[in-house]
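# Reading the structure
Next come the chains, spelled out residue by residue.
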Amino acid sequence: MQDNKGLQLRRCVKWQAGFYIFLLFVLSTVTGQIRYSIPEEMRPGLFVGDVAKDLGLDVKRLVSGRARLVIDDSRQYVELTRNKGHLVVKERIDREQLCGQKSPCSFGLEILLENPLEFFSITIEIQDINDHAPVFSKKEIILEISESTPIGTIFLLDTATDPDVGLNSLQSYSLKPTDNFALKQHNRSDGSKYAEMVLQSLLDREKQSEHSLVLTAIDGGDPPRSGTVKIIVKLLDANDNSPIFTETVYKASVAENAVKGMLITTVSASDADEGYNGNVTHSFTHMGEDAAHLFQINGATGEVTLTGSLDYETVQQYELNLQAKDPWGLTGASKLLIDVVDVNDNNPIIMMTSFSGKIQEDSPPGTVVALISVQDLDSGKNGQVRLTLEHNSPFTIKPSSRKYYTLVTDAPLDREKVSSFNLTLVASDEGSPSLFSKITISLDITDINDNAPAFSQHEYKTYIFENNSPGVSLLTLQATDPDAGQNARIAYYLVDTDVNGSPVSSYFSVNADNGIIHAVRPFDYEQMKEFKIHVRAQDGGSPPLGSNVTVLIKVQDQNDNAPQVLYPVQSGSSVVAEIVPRSADVGYLVTKVVAVDVDSGQNAWLSYKLQKATDRALFEVGLQNGEIRTVRQVTDKDAVKQRLTVVVEDNGQPSRSATVNVNVAVADSFPEVLSEFTDFPHDKEYNDNLTFYLVLALAAVSFLFITCLVVIISVKMYRWRQSRLYYQSNLPVIPYYPPRYADTVGTGTLQHVHNYEIYRTTDSRKSDVKYFGPISQSLMNVDASGTATIPKEKHSIDCTEAGTTLCFGSL
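Residues numbered from 1 in each chain as written. Predicted model: local features only at pLDDT ≥ 70, side-chain atom pairs only at ≥ 80, totals over all residues. Heavy atoms only, no water.

### A look at the overall build of the protein
Counting secondary structure elements, the protein contains 7 helices and 53 strands. In the protein, buried positions account for 37% of the 811 residues. A sequence separation of at least 24 residues applies to 66% of the contacts in the protein between residues at least 6 apart. Element-wise, carbon and sulfur atoms account for 53% of the exposed surface of the protein, whose accessible area totals about 46200 Å². (Helix = DSSP H or I, 4+ residues; strand = E, 2+ residues; numbered from the N terminus. Buried < 20%, exposed > 50% of the residue type's maximum accessible area, 1.4 Å probe, protein only. Contact = heavy atoms within 4.5 Å. Areas by Shrake-Rupley, 256 points an atom, 1.4 Å probe, with all protein chains shown as cover.)

So, in structure tokens, the structure goes:
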């Protein structure tokens, strides 16, 4: 009946534990964290949980985000199947090895996703199974008890250990037989159980000198497991008093870095007996294996010393059972609680959880570069860690959740200034003295197309002689781009513009690779003296960037045009002759040869020479001005008909020339000239182009004359209509100032002496209009012979007539 009640109690406890685990799982899922509970000792490959479903993620997101597990422990007990989103067992889990007596036993991990960066926390709780039975440290316990031991004396028994936890751990003890001794069970502060044997009847050594008992430790597993130890009680002769400790509980603390042999504390027990029966021996009882090699007690003095190395991160407190025993086996019990004090003996550990090693230079401030995990096994301030960067850089460290930090950009990046960074991360704790650790990471800045090609000059200038060969190179342009790779690959293009109505590509071309500009056709200085083109340098980025530069190409003149004679005109239809009277003096100007050369510079410097003449001694030609003059006095012996041939040469290399024939008649009367020149041969050289230009000039002058005439008539008509409007209007007259007469500084359409102003009242239309000439106007008379004379007298005007409201006067 009692066993059935115990079974029902265990089932109820299991149901409540399962309900709490389920409730914790639901709450964790709602808050964005997942908690799974699995039993220990599961085979690899068994299903743990559907991560994708529980996190509300698509399996495609796990694959595209390159989901992976980040586990604090060095051993990876579970793994993630990305294509299914399942969490499965990777390695057999021993709960006792992982957590020892810690309960509940769990370990945490994170699922890390990239693009964008996300992580989710998962806690996996390891449920204990009853795979261990309670075990006693000894196979046999021997107790020496005085036969005079009073009823109710307590004997502390060895404690059994069970690495399982919860219901699977040690739950109860049983003692058989129970004729002389009864069993009492107690719980320690850490939850462990121990048993005491209580004497419940008087002992008589003469009847039975030794008693044999069996102590059984039972756990709460299903089915339960148990362990036993044999207790042998040997009876001694009477000893009336048992040792008693001065304190029921002793407390001490020791730093975890304490050296071996250090005195921790001193315990003391006394016995009221005298002599040999009052001798007391101190000892530890029921020590666990973890504490047996760490502490030692001096049996005579009660001094407790350290014999091993402590580690706060492993055990924070030790509870030791003290026993004082006299020579006759009477004992007294007490406890010693030793607290391990943490010291800062662990350096922080820096781990790069997510780091690609590169970042684009156009990343805005706040871009995450790396996810960093920092751990410190110490506790309190000794375990509080801060992560910093050692040197100034455009990056900063920001704390994230729990023990994670993010390395983010803090300022704009420019690869052209700094292409990579060596960042030193320093993790230091808050201990005294502080411990730290460093790691250096290399971060490359990847290029973007943020720089346009730049030319070395704002404008280029080059020269080329006319009549050049097609394809000749003129100039090499060079642009630079501080970007890298394809973003710095430069191509050159002509900007599409027109030159004299034709595309620029019909005159020039540019090599896209090296920027060499070539002439496509020959140039003529007389048609175009210079070209202004624009070349664009464009990189290979996406989108491409470019810049333009102006190239000024000046055509240099060559002597490719011969001089052209404008006067005298060589006409084949008539004979033109210059008349020189016989009374002409020396140096008489006969005529002047006028010539032009469309070339420029020294190629257009002309010189005149007399090539041949009827009488060379009579005429000469000015070398620079082409003036033909007499060099001696004309005589009656000189022939009437004189023919001169003048050569006009330019100063080019080689020079070009033109010739002109000048007919000169030496005579005093026109009939004499006609009679002599009727047989002159007619020149056949006739300049049709010159005639065309003369006709065109005559047409332009005629058009301008007609235009001016129309404008003058229009102005006269406008002024007449304005005067009529003033006279016929019945409206009040507002003073009016015609623009052409209102200029008072002499900048109007009339000269200053002919400017007028009008002053009228609102009723001036009823008054007589009087016109007055300018005060200082000069009068011009033309006589019968057509000669203009200007009289000296001047006329003045008096505008003081009473009642007159309109006055025209000179300013």
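From this point on, the discussion continues.
### Details of the sheet that holds strand 19 (residues 281-285)
Spatially, 4 strands are ordered 16-23-22-19 in an open sheet, and the strand pairing comes out mixed. Strand pairing shows two members of the sheet lacking a second neighbour, strand 16 (249-255) and strand 19, which therefore form its edges. Pairs of neighbouring strands in the sheet enclose a mean axial angle of 30°, with direction left out of account. Pairing of strand 22 (residues 317-325) with strand 23 (residues 331-341) involves 9 bridges; the strand directions are antiparallel. Across the sheet, Asn-321 pairs through a bridge with Lys-335, a residue of strand 23. (Pairing = 2+ DSSP bridges. Axes fitted to C-alpha atoms, helices over the stretch in contact; angles between N-to-C directions.)

### Details of the pairing of strand 4 (residues 78-81)
Of the two faces of strand 4, only one is covered, namely that formed by Val-78 and Leu-80; the face formed by Glu-79 and Thr-81 stays uncovered. With 4 bridges connecting them, strand 4 and strand 5 (residues 86-89) associate as antiparallel partners. Considered in strand 5, the bridge of Thr-81 is made with His-86. In this structure, the hairpin formed by strand 4 and strand 5 is closed by a connection of 4 residues, where Gly-85 is found at a positive phi of approximately 75°.

### Thoughts on a nonpolar patch on the surface
Together, Phe-705, Ile-706, Leu-709, Val-710, Ile-713, Met-717 and Trp-720 give the surface a local cluster of nonpolar side chains, amounting to about 760 Å² of exposed area. Within the element layout of this structure, Ile-706 appears in helix 7 (residues 688-728). (Patch = residues over 30% accessible without salt bridge, like charges linked within 9 Å, V, L, I, M, F, W, Y side chains within 5 Å. Salt bridge = Lys/Arg side-chain N within 4 Å of Asp/Glu carboxyl O.)

### Notes on the state of the cysteines
All told, the structure shown has 1 disulfide when counted by the stated rule. Across the disulfide, Cys-99 is cross-linked to Cys-105 (sulfur-sulfur distance 1.9 Å). Residues Cys-99 and Cys-105 are joined by a disulfide whose S-S torsion is about 70°; by sign, that bridge is right-handed. Accessibility classification places Cys-99 together with Cys-105 in one group, the buried group. (Disulfide = S-S within 2.5 Å.)

### Re the pattern of salt bridges
If charged atoms from side chains of opposite charge come close, those side chains can pair. Summed over the entire model, instances satisfying the criterion amount to 18 salt bridges. Here Glu-114 makes a salt bridge to Arg-66, at a shortest N to O gap of 2.5 Å. You can see Glu-114 sitting in the loop between strand 6 (105-113) and strand 7 (118-127) and its partner Arg-66 sitting in the loop between helix 3 (59-64) and strand 3 (68-71), a full 48 residues away along the chain. For Glu-114, a relative accessible area of 14% gives the class buried. Residue Glu-649 pairs with Lys-609 through a salt bridge whose shortest N-O separation is 3.8 Å. A residue pair is termed long-range when its members are at least 10 positions apart, and Glu-649 in strand 50 (residues 641-649) and Lys-609 in strand 47 (residues 607-613) qualify at 40 residues. Connected via shared salt-bridge partners are Arg-66, Arg-68 and Glu-114.

### Quick word on the confidence of the model for the protein
Averaged over the protein, the pLDDT score is 79; the fraction of residues at 70 or greater is 81%. For residues 680-686, every residue scores under 50 in pLDDT, and the model assigns this stretch 23 contacts once sequence neighbours within four places are set aside. Overall, residues 726-811 carries pLDDT values under 50, and its contacts beyond four positions in sequence, including any with other chains, amount to 86 contacts. (pLDDT = per-residue confidence, 0-100.)

### Notes on the nonpolar core
Leu-87 and Ile-124 are the most contacted members of the largest nonpolar core, which has 29 residues in total. No other element matches the 5 residues that strand 6 contributes to this core. Ile-464, Leu-474, Tyr-507 and Val-555 belong to the second-largest nonpolar core, a separate cluster that totals 27 residues. (Core = buried A, V, L, I, M, F, W, Y, C linked by side-chain atoms within 4.5 Å.)

### Here's the deal with the side chain of Asp-162
Among the secondary structure elements, Asp-162 is positioned in the loop between strand 9 (154-156) and strand 10 (170-176). Every residue in contact with Asp-162, bar those within four places of it in the chain, is listed here: Gln-101, His-132, Ala-133, Pro-134, Asn-168, Ser-169, Leu-170 and Asp-219.

### Structural notes on the packing of aromatic side chains
Following the criterion strictly, the structure yields 13 aromatic pairs and no others. Pairing Tyr-77 with Phe-107 gives two aromatic rings, centres 5.7 Å apart and planes at 50°, and the pair type is tilted. Placement of the pair is Tyr-77 in the loop between strand 3 and strand 4 and Phe-107 in strand 6, with a sequence separation of 30 residues. Among the residues examined, Tyr-77 registers a relative accessible area of 5% and is labelled buried. Where Phe-155 meets Phe-181, the ring centres are 6.3 Å apart and the plane angle is 75°; that geometry is what we call edge-to-face. Taken together, the positions of Phe-155 in strand 9 and Phe-181 in strand 11 (residues 181-187) put the pair 26 residues apart, joining distant regions of the chain. (Phe/Tyr/Trp six-rings, centres within 6.5 Å; stacked < 30°, edge-to-face > 60°.)

### Quick look at unusual backbone geometry
Note: most peptide bonds trans; most residues except glycine with negative phi. Asp-222 connects to Pro-223 through a cis peptide bond whose omega is 5°. Relative to the helices and strands, Pro-223 is located in the loop between strand 13 (210-219) and strand 14 (226-236). A positive phi is found at Asn-115, a non-glycine position, where the angle reads about 55°. Of note, Asn-115 is situated in the loop between strand 6 and strand 7. Of note, Asn-500 is a non-glycine position whose phi angle comes to about 55°, a positive value.

### Remarks on the sheet that holds strand 48 (residues 619-621)
What holds strands together in a sheet is hydrogen bonding between their backbones, with the strands either parallel or antiparallel. In spatial order, the strands read 45-49-48; together these 3 strands make up an open sheet with antiparallel pairing. Only two strands of the sheet have a single neighbouring strand rather than two, namely strand 45 (589-592) and strand 48. Going from strand to strand, the sheet's axes swing by 20° on average, the running direction of each strand aside. One ladder, built from 3 bridges, connects strand 48 with strand 49 (residues 627-630); its direction is antiparallel. Each bridged residue has a counterpart across the sheet, and for Glu-620 the counterpart in strand 49 is Arg-629.

### Details of the environment of Leu-377
You can see Leu-377 is positioned in the loop between strand 26 (368-375) and strand 27 (385-389). Note: C-alpha distance between Leu-377 and Pro-348 (29 residues apart in sequence) is 7.7 Å. If near-sequence neighbours (up to four positions away) are discounted, Leu-377 is found in contact with Glu-313 and Asn-346.

### Focus: the environment of Thr-446
When you line up the elements, Thr-446 lands in strand 31 (residues 436-446). Separated by 88 residues in sequence, Thr-446 and Lys-358 place their C-alpha atoms 6.6 Å apart. Not counting chain neighbours up to four residues away, the residues in contact with Thr-446 comprise Lys-358, Ile-359, Gln-360, Glu-361 and Arg-415. A polar contact of 3.4 Å, which involves the side chain of Thr-446, links it to the backbone nitrogen of Gln-360. (Polar contact = N/O pair within 3.5 Å; in protein donor to acceptor, adjacent residues only side chain to side chain.)

### Some remarks on the environment of Gly-587
By the secondary structure assignment, Gly-587 is in the loop between strand 44 (577-580) and strand 45. Given a relative accessible area of 29%, Gly-587 falls into the partly exposed group. Taking the C-alpha atoms as reference points, Gly-587 and Gln-633, 46 residues apart in sequence, are found 8.7 Å from one another. Beyond its immediate stretch of four places on either side in the chain, Gly-587 contacts Arg-629 and Thr-630.

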